[in-house]
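What the coordinates show
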Amino acid sequence: MSMMDREFRRQMGDVRPIAKGRDRADVSHRSKGPNEAQQARRHAAQQLNEQGNFLSDDFVELVGSHDPLEYRRDGIQLGVVERLRHGGYAPEAHLHLQRRPLSECRRELFGFIRDAHEQGLRSLMVVHGRGREDESPANILRSYLAKWLAQFDEVQAFASAPASQGGLGATLVMLRKSERARANNRERQQKRRG
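Our subject in this report is the structure included herewith. (Residues numbered from 1 in each chain as written. Predicted model: local features only at pLDDT ≥ 70, side-chain atom pairs only at ≥ 80, totals over all residues. Heavy atoms only, no water.)

**Let's talk about the overall build of the protein**
As a reminder, the rule being used: The helix count covers DSSP runs of H or I at least four residues long, the strand count covers runs of E at least two residues long, and both are numbered beginning at the N terminus. Per-residue accessibility, obtained with a 1.4 Å probe over protein chains only, is compared with the maximum for each type, and a residue is labelled buried under 20%, exposed over 50%, and partly exposed between these values. The contact criterion used throughout is that any non-hydrogen atoms of two residues lie within 4.5 Å. The protein chains shown are the only cover counted for residues, whose accessible areas, like all others here, come from Shrake-Rupley with a 1.4 Å probe.
Looking only at helices and strands, the protein has six helices and five strands in total. Starting at the N terminus, the α and β elements of the protein follow one another as α-α-β-α-β-α-β-α-β-β-α. In the protein, buried positions account for 34% of the 194 residues. Across the protein, the fraction of contacts at a sequence separation of at least 24, relative to all contacts at a separation of at least 6, is 71%. Here the protein displays about 13600 Å² of accessible surface, and carbon together with sulfur accounts for 48% of that area.

Right under this line is the structure:
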């Protein structure tokens, strides 16, 4: 036995092989779902996310299933909406809301817009799907989405995506610059002026 083998055995100490029958994981025990602590954490996270969520889930006027979505805040040039509608701004982040409950969509959209604005993102895409009928779940979501997006001060404009990016099943959103981005612009302009 070499010196390395002896050293290895010495460091390993008293090691015994696993007994037969105990050398496999027990997969028969199935999880019964989240425990109480996990449920409490999930509930707390949802409550935190709901705080300050001003998006209305009241009655919404349904948008026609074949009508494109389009909105621009006062002071925003028509060219911005035109470029948005034609996919001229590459989306920096995406949110997929297809086949989700309306309450979850409301919560997800609220967090998505707020987080994107805080990170200084300007161009977003929300994928929501499109139903063939006005009362289809996808079109109801689309109608609420139009209502909700207009409620954000951060949203300057939105428009249905071009066919190559999802058509009426997706909406492109333009956010206003964050305070940090505005400060960076002012700083760059001052440096140019010297």
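Next, the rest of the story.
**Observations regarding the packing of aromatic side chains**
Spelled out, the test is: Each Phe, Tyr or Trp ring, with Trp reduced to its six-membered ring, pairs with another whose centre is within 6.5 Å; inter-plane angles below 30 degrees give stacked pairs, above 60 give edge-to-face pairs, and intermediate values give tilted ones.
A complete count under the given rule lists five aromatic pairs for this structure. Geometrically, the ring pair formed by Phe-54 and Phe-152 is edge-to-face, given 5.4 Å between the ring centres and 70° between the ring planes. In this pair, Phe-54 is assigned in the loop between α2 (36-50) and β1 (70-72) and Phe-152 in the loop between α5 (137-151) and β4 (155-160), connecting sequence segments 98 residues apart. The class of Phe-54 is partly exposed, set by a relative accessible area of 35%.

**Examining a nonpolar patch on the surface**
Formally: Patches here: salt-bridge-free residues with over 30% relative accessible area, like charges joined within 9 Å, nonpolar side chains (Val, Leu, Ile, Met, Phe, Trp, Tyr) joined within 5 Å. Each salt bridge in this description consists of a side-chain nitrogen of Lys or Arg and a carboxyl oxygen of Asp or Glu lying within 4 Å of one another.
Taken together, the side chains of Phe-8, Met-12 and Val-15 present a nonpolar region at the surface, about 310 Å² in accessible area. Of note, Phe-8 is situated in helix α1 (residues 3-12).

**As for the pairing of β4**
The line we're drawing: When DSSP finds two or more bridges between two strands, those strands count as paired.
Burial analysis of β4 places six of its six residues in the buried class, which makes it a mostly covered element. Here β1 pairs with β4 via three bridges, running antiparallel. What sits directly across from Tyr-71, in β4, is Phe-158. Here β4 pairs with strand β5 (residues 170-175) via five bridges, running antiparallel. For Ser-160, the partnering residue across the bridge sits in β5 and is Thr-171.

**Details of a positive patch on the surface**
Let me state the cut-off plainly: For this count, His and the chain ends are skipped, Lys and Arg are scored as positive, and Asp and Glu as negative. Think of each charge as sitting on NZ of Lys, CZ of Arg, CG of Asp or CD of Glu.
On the surface, Lys-177, Arg-188, Arg-192 and Arg-193 cluster together to form a positively charged patch. Its place among the elements puts Lys-177 in the loop between β5 and α6 (179-193).

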